[in-house]
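# Commentary on secondary and tertiary structure
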Amino acid sequence: MSSWRSLLLRIGDKCPDYGTSSDFKEHIETCFGVIRRELEHSSDDILPFLLQCAEQLPHKIPLYGTLVGLLNLENEDFVKQMVETTQANFQDALDFGNCDMIRILMRFLTVMMCSKVLQPSSLVVVFETLLSSASTTLDEEKGNPSWQARGDFYVSCILSCLPWGGSELVEQVPEEIECVMVGIEAYLSIRRHNSDTGLSFFEDDDESGSGVVEKDFLEDLWGRIQVLSSNGWKVDSVPRPHLSFEAQLVAGKSHEFGPINAPEQPEPLSEVSGVLYGKQKHNAELKYPQRIRRLNIFPASKTEDMQPIDRFIVEEYLLDVLLFLNGCRKECASFMVGLPVPFRYDYLMAETIFSQLLLLPLPPFKPIYYTLVIMDLCKALPGAFPGVVAGAVRALFEKIADLDMECQTRLILWFSHHLSNFQFIWPWEEWAFVLDLPKWAPQRVFVQEVLEREVRLSYWDKVKQSIENAPALEELLPPKGSPNFIYSIEDGRERTEQHALSAELNNKVKGRQTAREIISWVEESVFPNHGWDVVLKVVVHTLLDIGSKSFTHLITVLERYGQVFARICPDHDKQVMLIAEVGSYWKNNAQMTAVAIDRMMGYRLISNLAIVRWVFSPANVEQFHTSDRPWEVLRNAIGKTYNRISDLRNEISSLKKSVVSAEAAAAKAKAELDAAESKLSLVDGEPVLGDNPVKLKRLKANAEKAKEEEVSVHESLEAKEALLARALDENEALFLSLYKNFSNVLMERLPDPSRARTLRELKSIQADEMTVDLDESSVMEVDNESRRPNKSQSNGGKDSNIYNVGEKEQWCLSTLGYVKAFARQYASEIWAHIEKLDADVLTENVHPLFKKAVYSGLSRPVNDVSSG
């Protein structure tokens with residue numbers, strides 16, 4: 001890397017490029033000296049690279065802004081071009097809805113204003129343009145209030161610029177910035193409070209019972225800015241290097257920022273409809289998502305003491321580093337521990353990373369990324385961060401009973417993977433008390449599932465060794481994982497006719513007989529004499545046993561003999577029984593059960609509807625609150641269905657572009673041929689219609705070939721569109737089946753709505769019954785006002801081996817949690833079929849808690865619950 005590139009990239013870092021100095025002023029002077037010399041012959045390279053640095057290392061924007069200010073003193077044309085390029089990039093970001101680029105370029109503009117590169121009035125015009133657009137969006141006649149997410153985003157961008165330049169704006173254009181602040185206050189007064197409880201980390205967040213409505217993200221940011229304003233705009237966490245060069249920068253020419261145009265307002269709602277409003281609100285929130293939902297893990301006594309605005313700024317820094325360095329984990333960890341702030345922020349860093357890992361409905365990146373970042377931070381800060389992470393795990397474990405089901409699953413997967421990278425070391429004796437809790441207590445289930453996932457990442461004996469400080473926890477380890485082959489003769493079992501059939505099938509496979517030959521044998525020799533039930537058991541157990549040595553063996557068996565399964569199980573009823581036999585064979589190994597069923601679905605040997613029916617079979621339903629086994633299979637089935645649809649949509653999008661290209665190529669070839677055919681040419685001195693015959697022949701061949709390609713692409717597009725239409729119909733059937741099954745099993749178990757209108761009341765049913773039974777002398781502590789167990793007891797905990805939620809109630813809580821999780825994760829697909837779901841499933845007869853869980857997952861307005 002050339003020296004000027006390296007200096008730009010590493011400005012502000014402790015690195016060899018800047019010697020031993022860590023002073024921002026010296027870094028800027030050194031970098032400026034080199035860049036100034038290079039401008040003469042490398043300006044075309046420097047401009048895009050400098051902009052790229054500012055865009056992708058935004059925590060260094062004050063340094064880059066000051067550098068641009070100094071360059072403005074030397075080369076006004078270069079900086080003018082930079083301002084124009086920034087304006088063009090900003091307009092593109094607005095047009096395409098690139099939220100991160102809009103937010104970061106606004107910060108860059110603010111810092112350039114501080115460095116006298118940009119006129120303050122130009123920045124205010126940008127603010128006013130976005131604020132005007134946001135306010136119009138909320139107007140029911142001119143805008144579309146369901147798109148409030150876009151207005152909120154624009155206003156949050158304006159507010160988030162103020163820590164970087166509020167002081168200068170108030171000093172230089174006080175009246176203009178005051179008008180902006182009044183406009184924001186007016187916007188806040190007419191917008192809807194954002195209460196998306198379906199996206200809360202904890203189930204109790206929407207039932208706090210205090211009557212106090214928590215601020216949403218925008219209201220909270222406004223409050224932080226108000227505090228900042230009253231403190232004279234003093235911010236510890238934002239470097240202000242331009243002040244060191246103020247005497248020089250004041251001589252620079254401030255440039256105008258070209259006009260920008262906010263995107264067109266979304267079409268107004270054509271009718272007053274809760275469904276239409278909900279669909280558009282969902283689309284708006286997909287395009288303009290809330291960047292962070294704060295996860296307050298630690299008590300205030302443990303977290304760093306910082307001003308409200310500093311917390312927001314450090315979160316911004318951390319999120320930006322996670323966003324732009326997601327492909328460079330070592331660099332990511334290095335930048336995260338070296339932010340330009342004068343205070344410690346280890347606890348805030350942990351909370352921010354966990355808030356992203358557990359963010360609902362989906363984290364910005366795959367969970368494995370956050371696993372690696374946490375691992376690297378533990379190695380980068382060995383004396384501090386491992387303890388902070390351990391504290392976060394303990395705090396989340398204490399609250400696990402209230403943690404969202406999707407978040408619980410992610411936490412289990414992360415924690416087991418994290419421990420596998422640190423030799424499975426954990427003080428398990430702290431959690432040995434879970435053995436005294438009932439089998440359905442969430443803390444006990446959490447420990448059980450973590451141990452099961454650890455076994456997958458290592459081996460049974462290794463995990464057993466890791467819990468030697470709490471040997472009793474061996475009870476929660478999964479079985480050793482060996483297959484349950486019912487035709488094994490190793491245990492001295494009596495050989496039956498079925499054993500002989502299994503051995504015969506085994507020999508046929510070893511003899512490389514084809515699937516067709518085995519189907520013939522089954523249909524001619526086995527089925528007539530023994531019946532279908534025996535055929536199913538023999539075929540499934542024998543073929544799975546042949547494929548049991550490894551994943552590769554399983555895949556090979558399914559590829560070679562999948563048609564045998566397809567032939568004996570052609571319909572849903574038989575496929576459900578097939579899945580049951582797979583579960584029976586792998587009953588000691590949840591991972592292989594999930595893998596085998598997933599692969600069978602991949603080869604279309606079993607349908608997703610059959611998997612749903614199997615998951616809701618009585619044996620599995622009884623495990624809903626004590627094991628992840630059925631849920632993992634269900635997640636895989638729905639995920640695979642969704643991925644097929646996503647792949648088809650991507651292929652169709654690509655084919656549509658190919659159609660346009662093919663049509664253009666065919667039209668061009670036809671035009672060339674027509675031009676040649678209509679051209680007059682001389683042959684033996686006589687005028688003849690048509691070009692050179694050789695050329696005509698070539699053009700005709702080209703035109704025919706281009707037309708064939710156009711037809712071929714059109715046919716491919718039609719075929720894919722037909723497949724997508726079929727897949728969408730199957731998807732509708734899948735979600736209808738899923739939610740009908742959910743509704744049926746919940747209606748059987750949920751108490752009467754008069755006894756359980758909220759999750760809190762559902763949790764307290766057992767406690768109330770115990771209170772009545774034990775009278776006032778009850779050993780259990782019950783809050784007299786809410787008739788609810790106190791928090792430590794309802795969650796379990798090492799100080800209290802009591803879990804006061806009954807098994808039936810816990811089953812309902814867990815299942816409702818999954819109802820919400822699936823609705824939330826696949827909201828886009830479900831909204832497409834919502835009218836059918838409303839008519840067939842979410843009727844007036846369903847339990848209000850079930851309907852509320854679905855609506856909450858879809859972020860559907862709560863008032864729709866009562867209206868049905």
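Scope of this entry: the structure provided in the associated data block.

About the criteria used
- Residues numbered from 1 in each chain as written.
- Predicted model: local features only at pLDDT ≥ 70, side-chain atom pairs only at ≥ 80, totals over all residues.
- Heavy atoms only, no water.
- Axes fitted to C-alpha atoms, helices over the stretch in contact; angles between N-to-C directions.
- Helix = DSSP H or I, 4+ residues; strand = E, 2+ residues; numbered from the N terminus.
- Parallel < 35°, antiparallel > 145°, perpendicular 65-115°, else oblique.
- Contact = heavy atoms within 4.5 Å.
- Nonpolar A, V, L, I, M, F, W, Y, C, P; charged D, E, K, R; others polar.
- Expected span 1.5 Å × (residues − 1).
- Buried < 20%, exposed > 50% of the residue type's maximum accessible area, 1.4 Å probe, protein only.
- Polar contact = N/O pair within 3.5 Å; in protein donor to acceptor, adjacent residues only side chain to side chain.
- Core = buried A, V, L, I, M, F, W, Y, C linked by side-chain atoms within 4.5 Å.
- Salt bridge = Lys/Arg side-chain N within 4 Å of Asp/Glu carboxyl O.
- Phe/Tyr/Trp six-rings, centres within 6.5 Å; stacked < 30°, edge-to-face > 60°.
- Disulfide = S-S within 2.5 Å.

Turning our attention to the packing of helix 3 (residues 61-74) against helix 4 (residues 76-96). Two numbers describe a pair of packed helices, the interaxial angle and the distance between the axes. Here helix 3 crosses helix 4 at 135°, and the two axes come no closer than 6 Å. Taken as axis vectors, helix 3 and helix 4 run oblique relative to one another. Between helix 3, through Val68, Leu71, Asn72 and Glu74, and helix 4, the contact on the second element is made entirely by Glu76, Phe78, Val79 and Met82. Grouping the amino acids of the contact of helix 3 with helix 4 by side-chain chemistry returns 5 nonpolar, 1 polar and 2 charged.

Attention now moves to helix 24 (residues 572-585). Along its 14 residues, helix 24 runs 20 Å from first to last C-alpha, staying within 8% of the 20 Å computed at 1.5 Å per residue. Regarding helix 24, the residues found buried are Gln575, Val576, Leu578, Ile579, Glu581, Val582, Gly583 and Tyr585. Those residues of helix 24 hidden inside the fold are in contact with helix 22 (532-546), helix 23 (551-568), helix 25 (590-602), helix 26 (608-615) and helix 28 (629-677). Where helix 24 begins, one side-chain oxygen reaches toward the backbone nitrogen of Asp573, 3.2 Å away; that side chain belongs to Asp571.

On to the nonpolar core. Phe354, Trp428, Tyr739 and Phe850 are the most contacted members of the largest nonpolar core, which has 264 residues in total. When residues of this core are assigned to their parent elements, the largest contribution, 13 residues, is made by helix 2 (residues 24-56). If we skip the residues at most four places from it in the chain, Phe354 touches Leu295, Ile297, Ile374, Val389, Ala392, Leu396, Leu411 and Trp414. By size, the runner-up hydrophobic cluster in this structure holds 10 residues, among which are Ile645, Ile652, Ala662 and Ala727.

A word on the pattern of salt bridges. For the coordinates displayed, the defined rule picks out 56 salt bridges. Notably, a salt bridge pairs Arg456 with Glu452, separated by 3.1 Å at the nearest N-O pair. Here Arg456 and its partner Glu452 are both found in helix 18 (residues 442-457), 4 residues apart, which amounts to about one turn of the helix. With a relative accessible area of 12%, Glu452 lands in the buried category. Across the salt bridge formed by Lys537 and Glu581, the nearest N and O atoms sit 3.1 Å from each other. Of this pair, Lys537 sits in helix 22 while Glu581 sits in helix 24, and the two are 44 residues apart along the sequence.

Let us now look at the packing of aromatic side chains. Across all of its chains, the model carries 35 aromatic pairs by this definition. Judged by centre distance (5.2 Å) and plane angle (75°), the ring pair of Phe365 and Tyr369 falls under edge-to-face. On the basis of relative accessible area, Tyr369 is assigned to the buried category, the value being 7%. With centroids separated by 4.3 Å and ring planes inclined at 40°, the aromatic side chains of Phe624 and Trp631 adopt a geometry described as tilted. No difference in accessibility class separates Phe624 from Trp631, as the two residues are buried. Ring pairs connect the aromatic residues Phe354, Phe397, Trp414, Phe415, Trp426, Trp428, Trp431, Phe433 and Phe446, which therefore count as one cluster.

Here we come to the state of the cysteines. Two cysteines, two sulfur atoms, one covalent bond between them: this is a disulfide. A complete count under the given rule lists 0 disulfides for this structure. Unpaired in this structure, Cys15 has its nearest cysteine sulfur neighbour in Cys31, at a distance of 11 Å. Residue Cys15 is classed as buried on the basis of its relative accessible area of 11%. Between Cys161, a free cysteine, and Cys157, which holds the nearest cysteine sulfur, the sulfur-to-sulfur gap is 7.0 Å. Cys161 sits in the buried class, given a relative accessible area of 1%.

Now for unusual backbone geometry. A cis amide bond links Leu360 with the next residue in sequence, Pro361, at an omega value of 5°. Mapped onto the elements of the fold, Pro361 is located in the loop between helix 14 (346-357) and helix 15 (367-380). In this structure, Phe424 takes a positive phi of about 60° despite not being glycine. As for its position among the elements, Phe424 is in the loop between helix 17 (405-420) and helix 18. In this structure Phe424 comes out as buried when scored by relative accessible area, which is 5%. Unusually for a residue other than glycine, Arg512 sits at a positive phi of about 65°. Structurally, Arg512 is set in the loop between helix 20 (497-510) and helix 21 (515-530).

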